[in-house]
Amino acid sequence: MQRYHITQNGFVDQNQNLSRTIQTELIEDETAFAKQDNSLDEYKETHEKENLSPQIVYLMYHFRRFIGYQIMTNLKQDISYTLDVGCEISRKIPLYFREINDCNKAIYIGLDPIPTNTNRDYLFINGKFEGLHQFLDTFFDCLIFSTSLDHFPDLEAVVCEIRKIIKKTAWFFLGRATRSQYCWRINYG
Ligand SMILES: C[S@@+](CC[C@H](N)C(=O)[O-])C[C@H]1O[C@@H](n2cnc3c(N)ncnc32)[C@H](O)[C@@H]1O
């Protein structure tokens, strides 16, 4: 199995090849995959075209300020790596992280099992979260689950993976859309 080290320029494999997109394990269970695939039209509308209600845009901007503030003030090292679990299909960085990464210190890595638009403006892992640690030699400083936690059938497996993939000092951001409200908390760190 190929393992990767993450740098600000991309994923470096064991032969020192550099890429901005890698593929790991996809969702094999047909029912679970169909659930994601069925939402593709909606994702094209909301993510590719960014056809979002003003309320959602407003809340995403607040989520972004919250994430940006925590990253800038709490992470002391030169470069931090944030994994966005379930980043969806857009080639552009989602609104809730956009511009935070303009500060070179905050590297954004998107993860999603949907194999659409695999060449992106950001570092992208096309794969599922469960088992991801087997492919990586780098630990993350921050994890984001923005309206994606409810897509996981087995939350124990998610917790188990979180423990394997983050640094001991890591931060955890949770965003949840409920009746067009975004809630967030820090659960780890
Ligand atoms: C509702 S979308 C969230 C999109 C984006 N984060 C946002 O807040 O607008 C949920 C995403 O989770 C992804 N997802 C589902 N199962 C996953 C898994 N096992 N590992 C990683 N991502 C997964 C889906 O493919 C989908 O793109």
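Being a predicted model, the structure only gives us computed values, none of them experimental. (Residues numbered from 1 in each chain as written. Predicted model: local features only at pLDDT ≥ 70, side-chain atom pairs only at ≥ 80, totals over all residues. Heavy atoms only, no water.)

## Let's talk about the confidence of the model for the chain
Logical step 1: Of all residues in the chain, 91% have pLDDT values of 70 or greater, and the mean over the chain is 86.
Logical step 2: For the stretch residues 184-189, pLDDT sits under 50, and the model shows 20 contacts to residues farther than four places along the chain or on other chains. (pLDDT = per-residue confidence, 0-100. Contact = heavy atoms within 4.5 Å.)

## With respect to helix 3 (residues 54-74)
Logical step 1: Relative to the 30 Å expected for 21 residues at 1.5 Å per residue, helix 3 spans 30 Å between its end C-alpha atoms, a close match to the ideal helical length.
Logical step 2: Inspection of helix 3 places I56, L59, M60, F63, R64, I67, G68, Q70 and I71 among the buried residues, and these make up the whole buried set. (Helix = DSSP H or I, 4+ residues; strand = E, 2+ residues; numbered from the N terminus. Expected span 1.5 Å × (residues − 1). Buried < 20%, exposed > 50% of the residue type's maximum accessible area, 1.4 Å probe, protein only.)

## Some remarks on the environment of L132
Logical step 1: Mapped onto the secondary structure, L132 falls in the loop between strand 7 (123-126) and strand 8 (140-146).
Logical step 2: Sequence separation of L132 and T24 is 108 residues, and the distance between their C-alpha atoms is 7.3 Å.

## Overview of the site of the ligand
Logical step 1: Lining the immediate surroundings of the ligand are 20 residues, of which H47, G86, Y96, D112 and S146 lie closest.
Logical step 2: Between the ligand and E130, the relevant distance is 2.9 Å, taken from a nitrogen atom to a side-chain nitrogen or oxygen of the residue.
Logical step 3: In the environment of the ligand, an oxygen atom lies 3.1 Å from a nitrogen or oxygen atom belonging to the side chain of T147.
Logical step 4: Of the residues belonging to the shell around the ligand, the class tally is 9 nonpolar, 7 polar and 4 charged. (Near = heavy atom within 4 Å. Polar contact = N/O pair within 3.5 Å; in protein donor to acceptor, adjacent residues only side chain to side chain. Nonpolar A, V, L, I, M, F, W, Y, C, P; charged D, E, K, R; others polar.)

## A short note on the side chain of S148
Logical step 1: Mapped onto the elements, S148 comes out in the loop between strand 8 and helix 4 (155-165).
Logical step 2: Residue classification places S148 among the buried positions, given a relative accessible area of 5%.
Logical step 3: Contact partners of S148, with chain neighbours within four places excluded, come to V85 and G86.

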